[in-house]
Amino acid sequence: MKNKLIAVFIILLIIIVVYILIFDFNSAKIENRLANPYEFNVEELKKVDNDLIHYHESKQIKIISEISHGIACHNNLIYLLQDNVLKIIDKNGHVKNKIDLNDEPSTLCVKNDGHIIIAFKNYFRIYADNLNLIMESERENEKSVFTSVACRGNIVFIADAGNRRVMMFDEHGKKKGEFGGKTEKDSKHGFIIPSAYFDLAINKDEELWVVNPGKHQFQQYSLNGRFIGFWERTSMTITGFSGCCNPAHFCFLPNGDFVTSEKGMVRIKVHKPSGELKSVVAAPENFAEGKHAPDICCDEKGNIIALDYDRNMIRIFELN
């Protein structure tokens, strides 16, 4: 009798274990999983209060290319790096001038005198306003990845994501110095650049600002590379920046406000010089999901011009 009870107990135990295993297996299937109460709802973050959106899209210019690289604006004309060509177009999309660069460019800026500085992987060129080549710099090392260029007077600033540094050159291409973003001598890190997004720009007051993307920071430097100050906005909400390397691109409005472009959750915003969110230009719903951050620039009237890599078009946003 005792042996029979033991056998029955063992059989019941086996049945219970098998039931638990089957239950766990079925529960693990995606279609049977319970909602995770701690899951972060990204869809909710994509929603933007209409009261925050102060811009409307006024124009789209369709572009045909294998790949676009960057844009700038000067004297109401758009400078577009497309394939291995620089095109100068008006806001109706008509090509006013163009030049074959015979190499793949990465970014550009246009000086007040109309001279055009175009950066490539590890060197840069300066062209006159008639597109005649003025100078070509020497190559930096193979690790270099030039991602942004700005200029003040005769000084050219280059952001090198590959070497996590900002370099200064004169108008003849001679290097005058560089800095790596370490704010103090004992800093354990400088610029944190997880991917090739590393932007810089100079505002109306001739201040140099550099994005430290891994820290979601804007850092201000003197023109000889001395750290001055910063503002930082790390947040999953619309008020700040998140992800590994945001903001991906930025530029300045004529009044000094920051215009930012983000990847991952793609959006364009305007921040005050102190860092507070001022308005939204374009919400995530206006872009392809999880795709590329658009390159951005501003014209003299404060219109924001975005190069939408995914839709292959230039999009112009005006203040309401």
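Scroll up to find the structure.
Residues numbered from 1 in each chain as written. Predicted model: local features only at pLDDT ≥ 70, side-chain atom pairs only at ≥ 80, totals over all residues. Heavy atoms only, no water.

**Student:** Sorry if this is basic, but what is going on with the packing of aromatic side chains here?
**Tutor:** Two descriptors summarise a pair of aromatic rings, namely the distance from one centre to the other and the angle between the planes of the rings. Counted according to the given criterion, the structure contains 18 aromatic pairs. An aromatic cluster of three or more residues is present, and its members are Trp209, Phe218, Trp231, Phe241, Phe250, Phe252 and Phe258. When the ring centre of Tyr123 is taken as reference, the NZ or CZ atom of Arg139 above it lies at 3.6 Å. (Phe/Tyr/Trp six-rings, centres within 6.5 Å; stacked < 30°, edge-to-face > 60°. Lys NZ or Arg CZ within 6 Å of the ring centre and 35° of its normal.)

**Student:** When you look at the environment of Gly302 in this model, what are you seeing that I'm missing?
**Tutor:** Along the chain, Gly302 falls in the loop between β22 (295-298) and β23 (304-308). When the C-alpha positions of Gly302 and Asn255 are compared, they lie 8.3 Å apart, and in sequence the two are 47 residues distant. Sequence-distant contacts of Gly302, that is, excluding residues within four places in its chain, are made with Tyr55, Leu253 and Pro254. (Helix = DSSP H or I, 4+ residues; strand = E, 2+ residues; numbered from the N terminus. Contact = heavy atoms within 4.5 Å.)

**Student:** Would you mind going over the pattern of salt bridges with me for this structure?
**Tutor:** Two side chains that carry opposite charge are able to pair once their charged atoms sit near each other. Under the criterion given, the structure shown has 17 salt bridges. Here Lys175 and Glu140 are joined by a salt bridge, their closest N and O atoms 3.1 Å apart. With Lys175 in strand β13 (residues 175-179) and Glu140 in the loop between β9 (133-136) and β10 (146-152), the pair connects residues that are 35 residues apart, well separated along the chain. Judged by its relative accessible area of 32%, Lys175 is partly exposed. (Salt bridge = Lys/Arg side-chain N within 4 Å of Asp/Glu carboxyl O. Buried < 20%, exposed > 50% of the residue type's maximum accessible area, 1.4 Å probe, protein only.)

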